[in-house]
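Single-letter residue listing:
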Amino acid sequence: MSKTVEETKDDLIKRLEQIEESGQTALGPALTLALGIATKGAPGSRVILCTDGLANVGMGSVENLKDPKDIEAVKGFYTKLGELAKERGVSISIISIVSAECNLSMISPLADLTGGDIVKVDPINLSSDFATILSENVIATNVEFRVKLHKGLTFRNEDSVHITQDGSLLIRPIGNATDGQEVTVEYKIKPIEELSKMTDVDFTKLEKIPFQTQISYVNLEGMKCVRLVTKSQKITFEKEEAKKAADYKVISVNAVQQTAKLARKGQLRDAQANAVHWRNMMKGSDAHDEYVKGSKPLYEALQCQQQVNALDARAQCLDAVASNLNQASKANRKRWFK
């Protein structure tokens, strides 16, 4: 690590060309070594894991796993590596080959925890997919996202472990943040039974509702920073007025992110219903075409999950689900609206 990759690239390429494959995939050991090197570099470093098969030798082997304890142990191995990379400000992306069985669902925490991508590619398009992954730079690490709502509101579709203060404060760990990343949340009015107990607020007379976001992070120079954003939003009781004022580009990103979140929790029917609801909502909007195009991987993942019981398609289908849900969870306007 005394010299940078830029300084040693010619020697590295020469050594890479001398390597011969031997039929086995020591993915776990290779990843551990790569992560060890990356963590010695500057925050924002990245590891790109390329594989055309199952990890089948050494630490993290997923081949022929049948015992539930062994499966959980291997999942734990990749999760711990992902958590370590997240703590050190390293992102891990995974590239696998179309038609190859890689058990991406087992190793997907590496990318999900660190803000990386999971992409299945045709070898012909390998260069362009590398370019896409490299185009989004890590701009901050150890990111934590907090949102404070009016006490008459509460969050929707959020894990209870991330919500405090009677449902009005969300604390969501993000980890690494890229320059194109967007984080969305949904909220709703609390049940009337709860509102009736709030004697200090007359909700019929409210004209605006305050929101506050606090983002804490470590920049690439190692400085701990906090950004605070406060805004008051005008209230309307007219549906058409709200629709006219809506930013459908933001709504489209949220729709895909929230649907992917439900699917990852195993709530397939809720995810499908959510997808249909937002697809109907987007009709006629200025973001409809981009939404349909951008949400295609999400719909493919939902369809694939329905087919997963077909044994002959199970492995490749699960890989497609892991890749497509990762892409859906990272939906943003930078990728869609150019």
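Scroll up to find the structure this text is about.
Residues numbered from 1 in each chain as written. Predicted model: local features only at pLDDT ≥ 70, side-chain atom pairs only at ≥ 80, totals over all residues. Heavy atoms only, no water.

Colleague: Tell me about the pattern of salt bridges, residues and numbers included.
Modeller: By the definition in use, this model includes 13 salt bridges. Between Asp-112 and Arg-264 there is a salt bridge; the shortest N-O distance is 2.7 Å. Here Asp-112, found in helix α5 (residues 109-114), pairs with Arg-264, found in helix α9 (residues 248-264); they are 152 residues apart in sequence, far enough to count as distant. For Arg-264, a relative accessible area of 39% puts it in the partly exposed group. Here Asp-159 makes a salt bridge to Lys-265, at a shortest N to O gap of 3.2 Å. Here Lys-265 lies in the loop between α9 and α10 (268-282) and Asp-159 lies in the loop between β5 (153-156) and β6 (163-164), a separation of 106 residues in the sequence. (Salt bridge = Lys/Arg side-chain N within 4 Å of Asp/Glu carboxyl O. Helix = DSSP H or I, 4+ residues; strand = E, 2+ residues; numbered from the N terminus. Buried < 20%, exposed > 50% of the residue type's maximum accessible area, 1.4 Å probe, protein only.)

Colleague: I'd like a rundown of the nonpolar core, residues and numbers included.
Modeller: Counting 25 residues, the largest nonpolar core has Leu-31, Val-62, Tyr-78, Ile-94, Leu-104, Ile-107 and Leu-110 as its most contacted members. At the level of secondary structure, the elements contributing two or more residues to this core comprise α2 (27-38), β1 (46-51), α3 (68-87), β2 (91-97), α4 (104-107) and α5. Residue contacts for Leu-31: discarding those within four places in its chain leaves Val-47, Tyr-78, Leu-81, Ile-92 and Leu-110. Counting 24 residues, the second-largest nonpolar core is a separate cluster that includes Ala-260, Leu-262, Ala-271 and Met-282. (Core = buried A, V, L, I, M, F, W, Y, C linked by side-chain atoms within 4.5 Å. Contact = heavy atoms within 4.5 Å.)

Colleague: With reference to specific residues and values, describe the packing of aromatic side chains.
Modeller: One pass over the full model with this rule turns up two aromatic pairs. Pairing Phe-77 with Tyr-78 gives two aromatic rings, centres 5.0 Å apart and planes at 75°, and the pair type is edge-to-face. Residues Tyr-187 and Phe-211 carry aromatic rings whose centres are separated by 5.2 Å and whose planes lie at 55° to one another, so their mutual orientation is tilted. Residue Tyr-187 is found in strand β8 (residues 186-189), and its partner Phe-211 is found in strand β9 (residues 208-219); the two are separated by 24 residues along the sequence. By relative accessible area, Tyr-187 is classed as partly exposed at 41%. (Phe/Tyr/Trp six-rings, centres within 6.5 Å; stacked < 30°, edge-to-face > 60°.)

The analysis is restricted to geometry; functional conclusions fall outside its scope.
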